[in-house]
Each structure stands twice: as structure tokens, then as C-alpha cells.
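The primary structure of each chain is shown beneath.
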Amino acid sequence: MRVVLRNPRREVEVAGNRRVKDVLRDLDILPETVLVIRGDDLVTADQMLRDDDVIELRPVMSGGLGGRITAPLGDAVERSREPSEAVGDAVERSREPSEAVGDAVERSHEPSEAVGDAVERSREPSEAVDDAVERSHEPSEAVGDAVERSHGPSEAGHPRSKPVSRTPLQ
Amino acid sequence: MKCRKCGAPAALELRRHNAAFCASDFLDFFRNQVREAIRRHRMFARGERVLVAVSGGKDSLALWDVLLDDGYDATGLYLDLGIFDYSVESKAKCEAFATARGARLVIARVADEVGAPVPVIKHVTRRPPCSGCGLSKRYLMNRVALEHGMDVVATGHNLDDEAATLFGSVMHWQTDALPRQSPALPSTHPKLVRRVKPLYRLSERETAAYAFLRRIDYIVEECPFARGATSIAHKEILNRMEEASPGAKHNFLFGFLEKARPAFERAEGAVLQECARCGQATTGTVCAFCKLSDQVKRAAGGGAAAPDR
């Protein structure tokens, strides 16, 4: 099976008749970081790939966020040339055993209370998805709001004709 | 894997939502998330003029596509950074999209405004290229919006971008940056146009899928200067966490926005004034953009060497 990779563009041959997720694992690629494309379609991780398939692994990561300059640029340039004051302290401290180590080792043997809850939650579909499914049968809320706003005073003064259960995406 | 809504074969799995969608239902899901972001943060209303900062990449073109489809008055702004073939290609993608959609596209060149393109700025300042580039982009987006009478600037920052920025700010405890990390930044000065990020609820894999399924021709190649950028390293760390615990990025960002940000916002007390040189809003006497421009012009006067490609 032929796999087309990008940035830079290149091709590799891998064994087919396996699921997408197995191919990604072999190539050491996190599923979250690529789209798997076969022809004009996206392919999900559970799908089987044939030996004669050609797939593209298109990276989704865009980079260089424009940095974040929180001080005037001149100052930042100056600072980048000065040695950090903390270096001496850090070297000193690296020779002392950390006080926190004992506590951390202690804690690592206790099961986290949150684990049980997290496992439970991981099996439930996200609330946002339920909302999306609900909303698919209704006109968009944003459109409704916009129409309401365009006809008069603030939406706070307009009771909705139908109660809307809007759950935050979390 | 089946679509959660209609039961047809799924095109995309969203592990953080423990769901999968077919192409058609995913596009609906995507649009609804953008609408929810706009509604929840009152980003803009119908009739307001939206300037969409487009780079030719998947996020900004996907955003422009959704806003045009929903009938918003959305004008594109492409900032030509002068980054060799990358800028040539990305500009061509934006122009082709605008032509195909019959949308208006404004183009501004960083070299005209700063005195040199991004590769020279990088060379002169000896700072990571993303710093000078980001500073120039934020400044020019605001100025072009003011000059064209726009009500709001919309950028294509997605959930991954926001989580990575937050991660970087927290790693360095940049407490002055934390209040400004928000899906919607209001105008706090007459010369400051409000800025919004309608894609903040969507991961970059989701925006890439949207762009692919909508057959948007975007630039897949990354900016040559982005290699080695800290933000990329932060994204990689977060993606490892996401792989181990789906929803980690989402919980990190949304938890901050709901629980932590208000505390930092209350503590912020920056006062804006007009830059003595260009008149744009700044916290100092002369804004960072004018200082950058001075530095570039001084170096050019002193015969700065050509930048490396």
C-alpha cells in the first residue's frame, strides 16, 4: 500500500490489509495530527486498508502562532541577550534533594479519586454532540437570535417560544 | 464506525466527543459550533462588517466559508508577509477563493508598512520570526479594519491554537497575557477594533476536515519559518496528552476560560493611549510596531545583509 506524506511531500510503502489505526501506529503518527484521505473521502481509524490502496496522511497542524510579545520589542531583544539570574540558583538547587519528592512518591501509590469518574464519562457521548443532534432538526439558534434581535429590544426581554436546552461544550 | 446522527458510514471520528459523523452531518456540526461561538460571545451581529484575516490556510478559509454561507458581510484581509514562495502560493489560494465565492479581498504588504518583509525582519531583530510576524499582523489587521470601517476582525484561531497559546503562557506564568486570551476581545479604545475567534470550539483536525469536505483549496505546506517554533512543540505535547486522554485540550482551554480567566481579567489594569507616532492604541508612548519599523529601517540604512532563505 502506498502512503503519501506531506511537509515534505514523500511516499512510503507499507503492508496493507490492516486497519488505519494500525498503520498510523506503525508510522508513529498520532491520529489527532492527520487526516487520512483515500481518493475523495476521509477514512476513519477503524477502516481496513487494502494492499492496493493509496492513502494520503495530510497533517493538520498549522504553526507559528505569531508569538506573543508582552513587552516592547526592544526590551525583549535586550533581555534575550542577558543570562538568566536564576541560573546560579538552579545549579545550586540541583544538588539538593527536592522536598516534594517524598510526597510525590507517596501520592503515586494512591489511586486518584477522579479516575473512576473519568472512566465513566469516557463512555458517554459528549453533551455537545447531543445538542448537535437535537439542533439538526431545529433552525440554528444563532439565526433565531439574530432574527429576534433584528425585530426589537434585547433578547433578554423576549421569552423564547420554546425553551431551549443549551449545554456548554464541556 | 457509524454516524451518530444518521447511522451512515462515518467520515470523521471525534474522540473528544466520543462520537463520529458522516460528511454531511459533520459539516452541520461544524457550522453549529461556529454559530454557538458567535452567539455565546456576542461576537458580531448581522449587518456588522466583519474583516476575516485569511492566510490561505485551512482555518481562515474555513471560517470565511462558514461566514459567507451564513450570510454575514465578511471581507477577507490577506497580509502578504513576503515569505518567498510560501507567500506567493498562499496569496494565490486566497485570491482564488475570493473569486470563486464572489467575496471582497483586501491585500496589504508587510514590506510596505514595516519597511521590509518578514525574512528581513527576522534577520534584523534576531528574534524568532513568529514574533515580528505576529506583531506586524496584529497591528495591520487592526489598522486595515479601522481604515475600511470594519466593526470587527475575525481570525481563524482554533482550539489547538488557543490551547497551545494558553499552555505557553502558563508555562512562563505570563499573567499579563492571560486576561487577553479570550474568544472575543472587546474594543477598549476608539482605535482598537474588537477581535474574535469563532473557531475556538473546533480542533484543527476538525477545521482541516471541514476544508477538505468543502473542497476548499488551501495551502497544506506549513510556513517555512514555523519549523522549530515553540508553539508547535506545545501543540505536540498537547496532542500526546489528547491521545492518552481525549478531551484534554478542550478541558484545559474551556476550564481556563470559565474558571481562571475572570480572576486574571480583574487584576489587569493596562491603560491604552494613542501612539505618538502612528496614532494606534498602545500601552506605551510609542507602539511596538513603530519600534520594530524603526529597527528595520535603521538596519536597512546600515546595510543589513540579505536574509537566509
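Being a predicted model, the structure only gives us computed values, none of them experimental.

Asks: Tell me about the overall build of chain A, and name the residues and values.
Replies: A count of helical and extended segments in chain A gives 7 helices and 7 strands. Written out in order from the N terminus, the α and β elements of chain A read β-β-β-α-β-β-β-β-α-α-α-α-α-α. For chain A, the proportion of its 170 residues judged to be buried stands at 18%. When contacts within chain A are restricted to residue pairs at least 6 apart in sequence, those whose partners lie at least 24 apart make up 53%.

Asks: Quick rundown of the overall build of chain B? Include the residues and the values.
Replies: Helix and strand counts for chain B come out as 11 helices and 10 strands. For 309 residues, the compact-globule estimate of 2.2 N^0.38 gives 19 Å, and chain B sits close to it at 20 Å. When the backbone C-alpha atoms are referred to their principal axes, chain B occupies close to 65 × 45 × 40 Å. Taking contacts inside chain B between residues at least 6 apart in sequence as the whole, the part at least 24 apart equals 69%.

Asks: Can you tell me about the packing of helix H5 (residues 118-125) of chain B against helix H11 (residues 288-301) of chain B, naming the residues and giving the values?
Replies: Residue and element names in this part refer to chain B. Packing of H5 against H11 leaves a shortest axis separation of 10 Å and a crossing angle of 85°. Our classification of the angle between H5 and H11 gives roughly perpendicular. Where H5 abuts H11, its residues Val120, Ile121, Val124 and Thr125 lie against Gln295, Val296 and Ala299. Taken together, the residues that form the contact of H5 with H11 break down as 5 nonpolar, 2 polar and no charged.

Asks: Go over the confidence of the model for chain A with me, naming the residues and quoting the values.
Replies: All names here are of chain A. On average, residues of chain A score 63 in pLDDT, and 38% of them reach the 70 mark or higher. No element of chain A has a lower mean pLDDT than helix H2 (residues 73-81), which averages 35, and none a higher one than strand S5 (residues 41-42), which averages 98. Within the model, pLDDT remains below 50 along residues 108-116, and this stretch shows 0 contacts once partners closer than five positions in the same chain are excluded. In the model, residues 139-170 has pLDDT below 50 throughout and makes 27 contacts with residues more than four positions away in sequence or in other chains.

Asks: Go over the sheet that holds strand S7 (residues 54-59) of chain A, please, and point to the residues and values.
Replies: Here 5 strands make up an open sheet; going across it, the order is S2-S1-S7-S4-S5 (chain A) and the pairing mixed. Both outer strands of the open sheet, strand S2 (10-13) and S5 of chain A, are each paired with one neighbouring strand and no more. Direction of pairing for strand S4 (residues 34-38) of chain A relative to S5 of chain A: antiparallel, over a ladder of 2 bridges. Among the inter-strand pairings, Ile37 of chain A is bridged to a residue of S5 of chain A, identified as Leu42 of chain A. Strands in contact with helix H8 (residues 204-213) of chain B are S4, S5 and S7 of chain A; relative to S4 of chain A, the strand with the most contacts, it is inclined by about 30°.

Asks: Tell me about the nonpolar core, and please be specific about residues and values.
Replies: By size, the foremost hydrophobic cluster in this structure holds 100 residues, and its most contacted members are Val50 and Val52 of chain B. For Val50 of chain B, the residues in contact, after removing those within four places along its chain, are Phe44, Leu67, Tyr72, Asp73, Ala74, Met150, Asp151, Val152 and Ala154 of chain B.

Asks: With reference to specific residues and values, describe the pairing of S4 of chain A.
Replies: All names here are of chain A. Relative to S7, S4 runs antiparallel, the two being bridged by 4 bridges. Considered in S7, the bridge of Ile37 is made with Glu56. Where S4 folds back on S5, the antiparallel hairpin that results is connected by 2 residues, among which Gly39 adopts a positive phi of roughly 65°.

Asks: So what's going on with H8 of chain B? Residues and values would help.
Replies: All names here are of chain B. Most of H8 sits inside the fold, with 10 of its 10 residues counted as buried. Listing the buried residues of H8 in full gives Glu204, Arg205, Glu206, Thr207, Ala208, Ala209, Tyr210, Ala211, Phe212 and Leu213. One or two steps after H8, the chain reaches Arg215, where phi turns positive at roughly 55°.

Asks: Which residues make up the pairing of strand S4 (residues 73-80) of chain B, and what are the values?
Replies: Residue and element names in this part refer to chain B. Burial analysis of S4 places 6 of its 8 residues in the buried class, the great majority of the element. Read as a crossover between parallel neighbours, the route from strand S3 (residues 49-54) over helix H2 (residues 58-69) to S4 is right-handed. Pairing between S4 and strand S5 (residues 105-109): 5 bridges, direction parallel. When the sheet's bridge partners are listed, Asp80 is paired in S5 with Arg109. Note on the crossover from S4 through helix H3 (residues 84-101) to S5: the handedness is right-handed.

Asks: Could you give an account of the sheet that holds S3 of chain B, naming the residues involved and the relevant values?
Replies: All names here are of chain B. One open sheet holds the 6 strands; their spatial order is S5-S4-S3-S6-S8-S7, and the pairing between them is mixed. Because the sheet does not close on itself, it has two edges, and the strands there are S5 and strand S7 (184-185). Bridge count between S7 and strand S8 (residues 194-196): 2 bridges; the pairing is antiparallel. Across the sheet, Leu185 pairs through a bridge with Arg195, a residue of S8. On the sheet, H3 packs against S3, S4 and S5 and is oriented at approximately 165° with respect to S4. Against the sheet, helix H6 (residues 129-147) touches S3, S4, S5 and strand S6 (152-154), its axis set at about 135° to S4.

Asks: Any details on the confidence of the model for chain B? Residues and values, ideally.
Replies: Summary statistics for chain B give a mean pLDDT of 93 and a share of 96% for residues scoring 70 or more. Both confidence scores are given for the complex: pTM 0.77, ipTM 0.87.

Asks: Report on H11 of chain B, specifying residues and quantitative values.
Replies: Since the α-helix advances by 3.6 residues per turn, residues separated by three or four positions end up pointing in the same direction. The terminal C-alpha atoms of H11 of chain B, which comprises 14 residues, lie 20 Å apart, in line with the 20 Å expected from a rise of 1.5 Å per residue. Of the positions making up H11 of chain B, those classed as buried are Ala288, Phe289, Cys290, Lys291, Leu292, Ser293, Gln295 and Val296 of chain B.

Asks: So what's going on with the packing of H6 of chain B against H11 of chain B? Which residues, and what values?
Replies: All names here are of chain B. At a minimum axis separation of 10 Å, H6 and H11 run at an interaxial angle of 125°. What the angle tells us is that H6 and H11 run oblique. Our pair here, H6 against H11, has a crossing hand that is left-handed. Residue-level contacts link Gly132, Leu135, Ser136 and Tyr139 of H6 to Ala288, Phe289 and Leu292 of H11. Tallied by class, the residues present in the contact of H6 with H11 amount to 5 nonpolar, 2 polar and no charged.

What counts, and where the lines are drawn
- Residues numbered from 1 in each chain as written.
- Chains lettered and ligands numbered in written order.
- Predicted model: local features only at pLDDT ≥ 70, side-chain atom pairs only at ≥ 80, totals over all residues.
- Helix = DSSP H or I, 4+ residues; strand = E, 2+ residues; numbered from the N terminus.
- Buried ≥ 20, exposed ≤ 12 C-beta atoms within 10 Å, placed from the backbone.
- Contact = placed C-beta atoms within 7 Å.
- Rg over C-alpha atoms; globule rule 2.2 N^0.38 Å.
- Axes fitted to C-alpha atoms, helices over the stretch in contact; angles between N-to-C directions.
- Parallel < 35°, antiparallel > 145°, perpendicular 65-115°, else oblique.
- Nonpolar A, V, L, I, M, F, W, Y, C, P; charged D, E, K, R; others polar.
- pLDDT = per-residue confidence, 0-100.
- Pairing = 2+ DSSP bridges.
- Core = buried A, V, L, I, M, F, W, Y, C linked by C-beta atoms within 7 Å.
- Right-handed = clockwise from strand over helix to strand, strands pointing away.
- Expected span 1.5 Å × (residues − 1).
- Left-handed = near helix turned anticlockwise from the far one by under 90°.

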